[in-house]
Every structure is written in C-alpha cells, then in structure tokens.
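# Overview (structure and organization)
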Amino acid sequence: MSYADVRGLRIWYEVQGAGRPLVLLHGGYGSTGTFAPVRSALAARRRLIAVDLRGHGRTAGVDRPLRYESMADDVAELLRHLDLPEVDLLGYSLGGGVALRTAIQHPALVRRLVLVSTPFRRGGWHPRVLAAMSTHDERAAERMRGTPPYERYAEVAPRPQDWPTLWARSGELLRRDYDWSAEVAALPMPVLLVFADADAIPMSHVTEFFGLLGGGHRDPGDDGSGRPASRLAVLPGLTHDEVVASPALPAAVLPFLTHTVRAPG
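This text gives an overview of the structure that appears in the document.

The rules behind these values
- Residues numbered from 1 in each chain as written.
- Predicted model: local features only at pLDDT ≥ 70, side-chain atom pairs only at ≥ 80, totals over all residues.
- Heavy atoms only, no water.
- Phe/Tyr/Trp six-rings, centres within 6.5 Å; stacked < 30°, edge-to-face > 60°.
- Lys NZ or Arg CZ within 6 Å of the ring centre and 35° of its normal.
- Axes fitted to C-alpha atoms, helices over the stretch in contact; angles between N-to-C directions.
- Helix = DSSP H or I, 4+ residues; strand = E, 2+ residues; numbered from the N terminus.
- Parallel < 35°, antiparallel > 145°, perpendicular 65-115°, else oblique.
- Contact = heavy atoms within 4.5 Å.
- Nonpolar A, V, L, I, M, F, W, Y, C, P; charged D, E, K, R; others polar.
- Pairing = 2+ DSSP bridges.
- Core = buried A, V, L, I, M, F, W, Y, C linked by side-chain atoms within 4.5 Å.
- Buried < 20%, exposed > 50% of the residue type's maximum accessible area, 1.4 Å probe, protein only.
- Polar contact = N/O pair within 3.5 Å; in protein donor to acceptor, adjacent residues only side chain to side chain.
- Expected span 1.5 Å × (residues − 1).
- Right-handed = clockwise from strand over helix to strand, strands pointing away.
- Salt bridge = Lys/Arg side-chain N within 4 Å of Asp/Glu carboxyl O.

## Digging into the packing of aromatic side chains
For any pair of aromatic rings, the description consists of the separation of the ring centres together with the inter-plane angle of the planes. Taken as a whole and assessed by the stated rule, the structure comprises ten aromatic pairs. One aromatic cluster is present, formed by Tyr 29, Tyr 150, Tyr 153, Trp 163 and Trp 167 through successive ring pairs. Its end group placed over the ring of Tyr 3, Arg 10 keeps NZ or CZ at 4.0 Å from the ring centre. One Lys or Arg, Arg 101, reaches over the ring of Trp 180 and ends 5.2 Å from the middle of that ring.

## Describing the packing of helix H2 (residues 68-81) against helix H3 (residues 94-105)
The geometry of H2 relative to H3 is characterised by a closest axis approach of 8 Å and an angle of 70 degrees between their N-to-C directions. Considering their axes alone, H2 and H3 lie roughly perpendicular with respect to each other. Touching Tyr 68, Glu 69, Met 71, Ala 72, Asp 73 and Val 75 of H2 are Leu 94, Gly 97, Val 98, Arg 101, Thr 102 and Gln 105, all from H3. Its residues assigned to classes, the contact of H2 with H3 shows six nonpolar, three polar and three charged.

## Observations concerning the sheet that holds strand S8 (residues 231-239)
Taking strand neighbours across the sheet as the criterion, the eight strands line up as S1-S2-S4-S3-S5-S6-S7-S8 in an open arrangement whose pairing is mixed. The open sheet terminates on both sides in strands that have one partner only, identified here as strand S1 (2-6) and S8. Each strand of the sheet is rotated relative to its neighbour by a mean of 25 degrees, with strand direction disregarded. In terms of strand pairing, strand S7 (residues 191-198) meets S8 through six bridges, oriented parallel. Paired with Leu 193 across the bridge in S8 is Leu 232. Of the strands in this sheet, strand S3 (21-25), strand S5 (87-92), strand S6 (110-116), S7 and S8 are in contact with helix H10 (residues 248-258), which crosses S6 at around 155 degrees.

## Thoughts on the nonpolar core
Formed by 59 residues in total, the largest nonpolar core has its most connected members in Leu 25, Leu 100, Leu 113, Leu 187 and Phe 209. Among the nonpolar cores identified, the runner-up in size contains 26 residues, and Leu 42, Ala 43, Ala 50 and Leu 90 belong to it.

## Considering the side chain of His 240
By the element assignment, His 240 lies in the loop between S8 and H10. There is a polar contact of 2.9 Å between the side chain of His 240 and the side chain of Asp 199. In contact with His 240, other than residues within four places in its own chain, are Tyr 92, Ser 93, Ser 117, Trp 125, Ala 196, Ala 198, Asp 199 and Ala 200.

## Some words on the side chain of Asp 88
In this fold, Asp 88 is placed in strand S5. A polar atom in the side chain of Asp 88 sits 3.2 Å from the backbone nitrogen of Arg 112. Ignoring any residue separated from it by four or fewer positions in sequence, one finds Asp 88 in contact with Arg 20, Pro 21, Leu 22, Val 23, Arg 46, Arg 111, Arg 112 and Leu 257.

## A closer look at H2
Taking 1.5 Å per residue as the helical rise, H2 with its 14 residues ought to reach 20 Å, and the 20 Å between its terminal C-alpha atoms agrees with that figure. Within H2 the residues assigned to the buried category are Tyr 68, Ser 70, Met 71, Ala 72, Asp 74, Val 75, Ala 76, Leu 78 and Leu 79. Asp 83 lies just past H2 and shows a positive phi near 60 degrees.

## Points about the pairing of S6
Along S6, seven of the seven residues are buried, which leaves the element largely enclosed by surrounding structure. By the bridge criterion, six bridges tie S5 to S6 in an arrangement that is parallel. Paired with Gly 91 across the two strands is Leu 115, which belongs to S6. Remark: the S5/H3/S6 crossover connection has right-handed handedness.

## Focus on unusual backbone geometry
The phi torsion at Tyr 29 lies on the positive side, around 65 degrees, for a residue other than glycine. Tracing the sequence through the fold places Tyr 29 in the loop between S3 and helix H1 (36-43). Even without being a glycine, Ser 117 presents a positive backbone phi close to 50 degrees. Residue placement: Ser 117 occurs in the loop between S6 and helix H4 (127-133).

## What to know about the pattern of salt bridges
Oppositely charged side chains can form a pair if their charged atoms are brought close together. Applying the stated criterion to the full structure yields 15 salt bridges. Among the ionic pairs, Glu 14 bridges to Arg 58, the shortest N-O distance being 3.9 Å. Of the two residues, Glu 14 is situated in strand S2 (residues 9-16) and Arg 58 in the loop between strand S4 (47-51) and H2; the sequence distance between them amounts to 44 residues. Overall, the relative accessible area of 27% leaves Arg 58 in the partly exposed class. Look at the salt bridges and you will find they share partners, linking Arg 7, Arg 54 and Asp 74 into a network.

Here you go:
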C-alpha cells in the first residue's frame, strides 16, 4: 500500500498476490475497497494492483475536472512509474470507462482488457440511469451524507470535505456525451465484457458492444475456430451494484486472462 507521485497527483495503489499484474479500477464514488469481496480469489492467481482514481478514496485531486481521457493518462503514467510495461486491466462502471480509454490511448500497455458493467457510449445506460446521473451535484452530495458510500469516503479520503466537490465534478463528467464505437472496433487486444443480467445497461447495448469486438457475426464452426478473440459474460441473478462483488466475477475473469488466443479461422 503506497502513494505514487504521478502527473501532479498522489495516486494511492495497493498490491496483493503474485504473478502477472492485473490492475483494478473501481466505480464512481468508490475506492480500492470496492473489490474487497473478490480480491482474494483474484490474488490467488494474479498480482493485483488496485488503484484509487483521482478524487476517489485516498487519491485527492478533485480541484481538476474529471475526464475519462485524463484519468486514463493517470493510469498509464502510474504503470510506467511502477515499471509495468504490459498489464491486464479490469475496470468496473466508471473505472471501466477509464480502463477502456487507457486501452484506446495506450494500447501497448494493455495485454487483455476486462470491462465490467461499462458502456461504450453515454447513451448505453438505461434512460432512468441517465436521468439520475444528470442530478449529481453538490446538493445530491449533501443528501448522500450518512450513507455507506459517504462513510467509506470519509474514512479514507485525505480531504473528506471534498465530498461535495467530487459529486459536482462527477456530475460534469457524467453529463458529457461520448461515443467510442470507432475506437472500440479498432482495439488490438482481447476484451472480456462482463454484465449483470439485470444491469443498468440494456442488453441491446451489450450485444452491440460485443459486435464491435467481432462477436456474434457468424457461427464459430464445429471446432470453434471462427470465434472472436474477445469474450462476453452475462452473469445471472445480479444487478449493476452486485456484479462487482459476486464470486461469479473472478470465475469469469480468470479463465479469460489465461486462455490461448488464436486468430479466427
């Protein structure tokens, strides 16, 4: 557990386990603790590097705008600082957007990419979720005081008084439109998409996302030679909030990280 001075930030990261590095990026208003329920299972096979994104957890920095692109640059510079020239990268929700941008902007650093409950365009969220995102501001932050997310933040944040600022900056980010479909289609590394079957993202977007990665376009053949390098997992009986803590997540992720990739026949 340590800080790294990167791009004018003191980024908090935690290391656990041994083996090929797997970097974990949490969701909005979360921290490295988001992965606590599944870290032991992942660390049994991998060297985990869990990171607190800017403004979250033990990493301060909400005086700057939150952008997927700049947070991706933070992650890339952290990996270089830690002398990790190539990693597997797993991001959940907000962290999935950061992970996706890291793979787009710094593809040489990412061997395999795992995106959990992550859309590739802003309109990929259910309309009700988008409406809720539009209300994230200082007033919403005040209403969240006393809730578990606030208590977890206040316990570890260098400046707990920045809670309203985090909500304001997050709201600005979540209201910004984006569509990364062209960049997704050009990703050079294998990607695993993981969604809950009752996610905040509709299945129509899930199948479109997988299609951009080469999935679902043809029968793979009797020997499976026509399957794409990327994979899709829909975990049953779970919601967006539950999927990251489910034992079904490492059960889906670990085989993907170790399977042999071959070009479709």
